[in-house]
Amino acid sequence: MQKILREFPLLNQYIYADTPASGLLYDSLLEWRQDHDLDFLIGGSIMKMKSLGLITETRKTVGSFFHCKTENVALVQNFSVAINFLLEGLEKNHKVLLMENDYPSVNWPFESRDFSVVYAKIDENLEQHILEHVKSDEITILALSLVQWINGIQIDLEFLKTLKNQHPDLIILADGTQFCGTTDFNFEESGIDILGASGYKWLLAGYGNGFLLCNDRVKNRFSIKTVGFNAANADVNGKGNIRFSKHFEPGHLDTLNFGSLKFSLDFLNVIGMQKVAAQNKILSKKAKKAFTDLDLLEEAVILRKEHSSIFKIKGETKLFQHLRENDIICSRRGDGIRFGFHFYNTENDIDKIIKIIKTGL
């Protein structure tokens, strides 16, 4: 692991607990990106034509990494773009269940259209609230973040699988931006119908890339109107033969950004997602206990059996500034301070953070 940690020079100077805001750039990815642009510099359109296969390889890598059919993978610039494309192809007669105070790019696209919307409370009984709404409110679409961006509450994935089995006509749409890259995940077995994510956080892929995964069972419930030459693979006669996922790719895709996504998925595979998941679980348990002991967490987080590695603690601007002055990188969120721990963090990082918090309280 020490060899891996040396890939991240920022860690030599700071304790980085801000992956929920942005994942880190690392040396080998930087080197790949520099080589890519050098090839573009000296090759121009010749290089670009040769590199088009990289987009296909990226799509295959995403499908393999998340256990989704390659033809059901759409490459998108970010989750926000993808969900807006998606909802333009959905009839407005749906009853949608959203989470209170979920990430705006999940809730706003539904709220800005003529859908009937109800909300589930995010607390220690989140799954029960969802189940009650689905049963009583004639819900046809459930849309939520798998991990909440403010406090890190994570939906029980087994609950989603059971919910889908019990309500097969329910469309489950998930934002995995704060989840994908933290643990091994099998989309085909998850019960989720559509999963989108941006790649710049836990996947460490930089900005301008993301993906949308779709299950075969829901394709005919959307009529995606987005179209362009790239969607038809630059075939002037291909307008009538565009598959579902390609409607999310109407224009050209940048080989630098999507090549970075492929590179980072390969990077995580070399480390091993089981190792990544194990380290994140260790960090989550340690941080939760330490923050709980200091009475810094909301009750809903404390009472949850399982939690992600994102935490929002009680803390004013003064404490936040104290942390930054002591080389702790984190974020102000709402009325508190948010930390997020990834595999490149250590238990010693958490010990140092707790020590600094105690001196700032």
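Structural notes, computed from the coordinates. (Residues numbered from 1 in each chain as written. Predicted model: local features only at pLDDT ≥ 70, side-chain atom pairs only at ≥ 80, totals over all residues. Heavy atoms only, no water.)

### Concerning the overall build of the protein chain
- When helices and strands are tallied, the protein chain shows 13 helices and twelve strands.
- Here the protein chain has a C-alpha radius of gyration of 21 Å; the compact-globule value for 361 residues is 21 Å, and the two agree.
- Seen along its three principal axes, the alpha-carbon backbone of the protein chain occupies a region of about 70 × 60 × 30 Å.
- Relative to its full complement of 361 residues, the protein chain shows a buried share of 54%.
- Looking at the protein chain alone, contacts between residues at least 24 apart form 68% of all its contacts between residues at least 6 apart. (Helix = DSSP H or I, 4+ residues; strand = E, 2+ residues; numbered from the N terminus. Rg over C-alpha atoms; globule rule 2.2 N^0.38 Å. Buried < 20%, exposed > 50% of the residue type's maximum accessible area, 1.4 Å probe, protein only. Contact = heavy atoms within 4.5 Å.)

### Thoughts on the sheet that holds strand 5 (residues 141-145)
- Across the sheet, which stays open at both edges, the seven strands sit in the order 2-8-7-6-5-3-4 with mixed pairing between neighbours. Edge positions in the sheet fall to strand 2 (73-76) and strand 4 (116-120), since each has one partner strand and no second. For this sheet, the mean inter-axis angle between neighbouring strands, taken without regard to orientation, is 20°.
- As defined by bridge partners, strand 6 (residues 171-175) adjoins strand 7 (residues 194-198) across three bridges and the pair is classed as parallel. What sits directly across from Asp175, in strand 7, is Gly196. (Pairing = 2+ DSSP bridges. Axes fitted to C-alpha atoms, helices over the stretch in contact; angles between N-to-C directions.)

### Regarding the side chain of Ser28
- Among the structural elements, Ser28 can be located in helix 2 (residues 27-43).
- Discounting residues that sit within four places of it in the chain, Ser28 has contacts with Glu7, Phe263 and Phe267.

### Here's the deal with the pattern of salt bridges
- Applying the stated criterion to the full structure yields 16 salt bridges.
- Measuring nitrogen to oxygen at the nearest pair gives 3.1 Å for the salt bridge that ties Lys219 to Asp216.
- Judged by its relative accessible area of 37%, Asp216 falls in the partly exposed class.
- Residues joined by salt bridges that share partners form a network here, namely Arg59, Lys246 and Glu249. (Salt bridge = Lys/Arg side-chain N within 4 Å of Asp/Glu carboxyl O.)

### Let's talk about the pairing of strand 2
- A two-sided burial pattern is seen for strand 2, the buried positions comprising Val73 and Leu75 on one face and Ala74 and Val76 on the other.
- Here four bridges tie strand 2 to strand 8 (residues 210-214), and the two strands are oriented antiparallel to one another. Residue pairing for strand 8: Val76 is matched across the bridge by Gly210.

### Notes on the sheet that holds strand 12 (residues 336-340)
- Read across the sheet, three strands follow the order 9-12-11 without closing on themselves; strand pairing throughout is antiparallel. Each end of this open sheet is capped by a strand with a single partner; those strands are strand 9 (310-314) and strand 11 (331-333). Neighbour-to-neighbour, the strand axes of this sheet turn through a mean angle of 40°, independent of strand direction.
- Of the strands in this sheet, strand 9, strand 11 and strand 12 are in contact with helix 12 (residues 317-325), which crosses strand 12 at around 35°.

These results come straight from atomic positions and should not be treated as a statement about function.
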